[in-house]
Amino acid sequence: MTASADVRPPGNGETIESAPADASAWMAWIGFAIVGVWILVAMFAPAIAPYGVGEIVSRDSFARPGEVGLLGSDYLGRDVLSRLVHGARMTLGLALGAIALAFVIGTLAAFIAALSRPWVDASLSRANEIMLSIPAIMLALVVITALGTSIPVLVCTVGVIEATRVFRIARAGALDVYAMEFVEISIARGENKWWIMWREILPNVMPLLLTDLGTRFNLTILLLASLSFLGLGIQPPSADWGMMVRENLSGINFGAVATLAPAFAIFSLNIALNLIVDWRLAQSNRDISEEMRR
Amino acid sequence: MIRLLAQRVATGLLTIPAISLVVFAGTEILPGDVVTAVLGQGAANVDVAAIRQQLNLDRPVPERYVTWLFSLASGDLGKSLGSGQSIATMIGERLPYTLRLAGVTALVAVPISVVLGLLAAMRAGSWFDRLTSGATMVFLSGPEFLVGTLLVILFAVNLRWLPAVSFASEPQGFVDHFRSMTLPVLTLTVAVIAPMARMTRSALLTALTSPAIEMAILKGMPRARIVLLHALPIALPPIITVIALNLAYLVTGVVIVEVVFNYPGMAKLLVDAVGTRDIPVVQACAMIFCFAFVALNLTADLLALVANPRRRYPR
């Protein structure tokens, strides 16, 4: 089944037009710059933010920018800029944790499936297909109902959901590499399976996984943001961007910056990652076409 | 051909019980006592006993699963832990709203995106093409709640044409319904148009490189005629697949959009139930959404099979 149950409409990242390589390289620099700025902001959040996360700085809720801080105040009169900066740390941190978990679980399970007896492979793959045929957000909602909302639950849930997507790619890659002669030789040499997995297959599947990383990171951020937006992410007063949009939703009627700023922050991160992924794909296409010319 | 279709339908139907297993396991077998999860720590013993009985927690897990599955299959969805209402009635009230939202979105989004993709492919490289490419790329990156909030700020706050919250009061008549549905439909439409238009364009452009098209160009056919009569039939299978997959994506999209606009549909019911940890309601709603998702994915598979002559008549 071609079930694509991610948080984005299917087709994202799969139908990249062959833009001229120079243009996409130029755009990729913008992407890297935006991501870099957000990473720096996340790393030095306490130094950059003028106020604390939960600190109430104004008696007015939804004060205009300039009246209170650079971006105004939120529904409780807290400084939006400070919360946005602290939110960068939370948003990127959660996404990084979930992604790391997804790649470790997904790749390990995929290699085990690829190197084991056929029935192990078949049952792991079937189980994975079933997970893939459930929309990501439904899986997350179901698990969060049972376990409640906390940061470990959120990261593990999203990590496991994304791991099912990594599994599919890593397994296909591992099977391809496993069929190569050099793996056959190391089997004949009597190397054990773990060694083959770690030293022969992983390095050769790595490029494939790295290409997937950008897209995966994007989808993870969106899923986390959606869950936070639904109020199922982290608990106040700490906040990530998705949750900031939710808690300030009532400010929408005055066009409050508090509602828009975090939404635009997520948007900037996503578009930056998309630009980088576009460039990666254009580059790998060019590599292939240059190889063909030789 | 028929055998192939039957095979697909069979695997599709088989995933339903498998999904039910995941949904059940997700809500009931994971570590942590369900009852304390529902009531919170320090609940009165009487309440604990009552909930335990209602959820049949004294029975072994496999038995509970089988009972749940069979009552689900026979249409008995159980009672809400929170309100004690029959879940079937609750869903019966909400389902029409969600179906209307998704249905209207499909009716609006599919023609627009196919036409956009067609026009972009016919004038590949023109300013129109570049504009749609750029715009769809931007919309692909924006989370639904950003698009939703921007639309609210534009139409409800600045222009004051439409209400920001869907159903502040019970809608009266067609105009009210229309007004309160416009923004949610628009938000969902924006979310699904981008991938569909992009896929239509790139499938058409791929089709335009085939030898048959080269022949048509050499014959001196007008470009519009080539695209519509020769390239479109070749490009149809991937376009149909992407349309069906995006309609399946609406299952995810409605969850966010119904919350943004406080729209009284099934997804809002589900999210509220997750908040109050009303397990039977979550299970029932999740199963219905998953069922719709599987059905739409299956349709995508079947349509792609039917639309592709090479797969229709395998050698």
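What counts as what
Residues numbered from 1 in each chain as written. Chains lettered and ligands numbered in written order. Predicted model: local features only at pLDDT ≥ 70, side-chain atom pairs only at ≥ 80, totals over all residues. Heavy atoms only, no water. Helix = DSSP H or I, 4+ residues; strand = E, 2+ residues; numbered from the N terminus. Contact = heavy atoms within 4.5 Å. Areas by Shrake-Rupley, 256 points an atom, 1.4 Å probe, with all protein chains shown as cover. pLDDT = per-residue confidence, 0-100. Axes fitted to C-alpha atoms, helices over the stretch in contact; angles between N-to-C directions. Parallel < 35°, antiparallel > 145°, perpendicular 65-115°, else oblique. Nonpolar A, V, L, I, M, F, W, Y, C, P; charged D, E, K, R; others polar. Buried < 20%, exposed > 50% of the residue type's maximum accessible area, 1.4 Å probe, protein only. Phe/Tyr/Trp six-rings, centres within 6.5 Å; stacked < 30°, edge-to-face > 60°. Core = buried A, V, L, I, M, F, W, Y, C linked by side-chain atoms within 4.5 Å. Expected span 1.5 Å × (residues − 1). Salt bridge = Lys/Arg side-chain N within 4 Å of Asp/Glu carboxyl O.

Enquirer: How should the overall build of chain B be read in this particular structure?
Expert: Within chain B, the secondary structure is distributed over 13 helices and zero strands. Ordering the α and β elements of chain B from the N terminus gives α-α-α-α-α-α-α-α-α-α-α-α-α. A fraction of 71% describes how many contacts in chain B between residues 6 or more apart in sequence connect residues 24 or more apart. Only carbon and sulfur atoms are counted for the fraction: they give 67% of the accessible area of chain B, which is about 14,900 Å².

Enquirer: Would you take a moment to explain the confidence of the model for chain B for this structure?
Expert: In low-pLDDT regions, the fine details of the predicted coordinates are not to be read closely. Residue and element names in this part refer to chain B. Averaged over every residue, the pLDDT of chain B is 79; the share at 70 or more is 81%. Looking over chain B, one finds the lowest element-wise mean pLDDT in helix 2 (residues 34–39), namely 61, and the highest in helix 5 (residues 87–122), namely 88. Across the interface, the model reports ipTM at 0.79; the global pTM reads 0.82.

Enquirer: Quick question: what am I supposed to make of the packing of helix 7 (residues 181–188) of chain A against helix 8 (residues 193–229) of chain A here?
Expert: Any two packed helices are characterised by how steeply their axes cross, that is the angle between the axes, and by the distance between the axes. Residues and elements named next belong to chain A. Interaxial distance between helix 7 and helix 8 falls to 11 Å at its minimum, and their mutual angle equals 170 degrees. Between helix 7 and helix 8, the crossing angle belongs to the class labelled roughly antiparallel. Contacts between helix 7 and helix 8 involve F182, V183, S186 and I187 on the former and, on the latter, W195, I196, E200 and N204. The class makeup of the residues in the contact of helix 7 with helix 8 is five nonpolar, two polar and one charged.

Enquirer: Would you explain the side chain of T220 of chain A in this entry?
Expert: Mapped onto the fold, T220 of chain A is located in helix 8. Given a relative accessible area of 0%, T220 of chain A falls into the buried group.

Enquirer: How should I be thinking about the packing of aromatic side chains in this particular structure?
Expert: Each aromatic ring pair is specified by the distance between its two centres and by the angle formed by the two planes. Tallied over the entire structure, the rule returns nine aromatic pairs over all chains. Relative to W68 of chain B, the ring of Y65 of chain B lies with its centre 6.2 Å away and its plane at 40 degrees, an arrangement referred to as tilted. Placement of both Y65 of chain B and W68 of chain B in helix 4 (residues 61–73) is noted, with a separation of three residues, approximately one turn of the helix. Each member of the pair, Y65 of chain B as well as W68 of chain B, carries the same accessibility label: buried. By the ring-pair criterion, three or more aromatic residues cluster together here, those being W29, F32 and W279 of chain A.

Enquirer: Mind showing me how you'd approach the nonpolar core here?
Expert: Among soluble globular proteins, nonpolar side chains are generally buried collectively. Ranked by internal contacts, the top residues of the largest apolar core, which has 159 residues, are M138, F229, L230 and W241 of chain A. In terms of residues, this core owes the most to one element, helix 10 (residues 223–260) of chain B, which gives 18 residues. With residues near it in sequence (within four places) discarded, L230 of chain A still touches I137, L141 and R246 of chain A together with V255, I256, V259 and V271 of chain B.

Enquirer: Explain helix 5 (residues 136–147) of chain A to me, please; I cannot follow it from the model alone.
Expert: Residue pairs three or four apart in sequence face the same way in an α-helix, which turns once every 3.6 residues. All names here are of chain A. Spanning 12 residues, helix 5 covers 17 Å between terminal C-alpha atoms, matching the ideal 16 Å at 1.5 Å per step. Counting buried positions along helix 5 gives 11 out of 12 residues, so the element sits mostly inside the fold. Turning to helix 5, its buried residues are A136, I137, M138, L139, A140, L141, V142, V143, I144, T145 and A146. G148 sits one or two residues past helix 5 and shows a positive phi near 80 degrees.

Enquirer: Looking at this structure, I do not really get the pattern of salt bridges. What am I missing?
Expert: When the charged atoms of two side chains lie near each other, side chains of opposite charge can form a pair. Residue and element names in this part refer to chain A. The full count for this structure, using the stated rule, is nine salt bridges over all chains. Residue R83 is joined to E247 by a salt bridge in which the shortest nitrogen-to-oxygen separation is 2.7 Å. Of the two residues, R83 is situated in helix 3 (residues 80–115) and E247 in helix 9 (residues 241–247); the sequence distance between them amounts to 164 residues. Relative accessible area serves as the criterion here: at 12%, E247 is assigned to the buried category. Ionic pairing is found between R216 and E162, a salt bridge with its closest N-O pair at 2.9 Å. Taken together, the positions of R216 in helix 8 and E162 in helix 6 (residues 151–178) put the pair 54 residues apart, joining distant regions of the chain. When its relative accessible area of 5% is taken as the criterion, R216 is described as buried. When salt bridges that share partners are traced, they join E162, D212 and R216 into one network.

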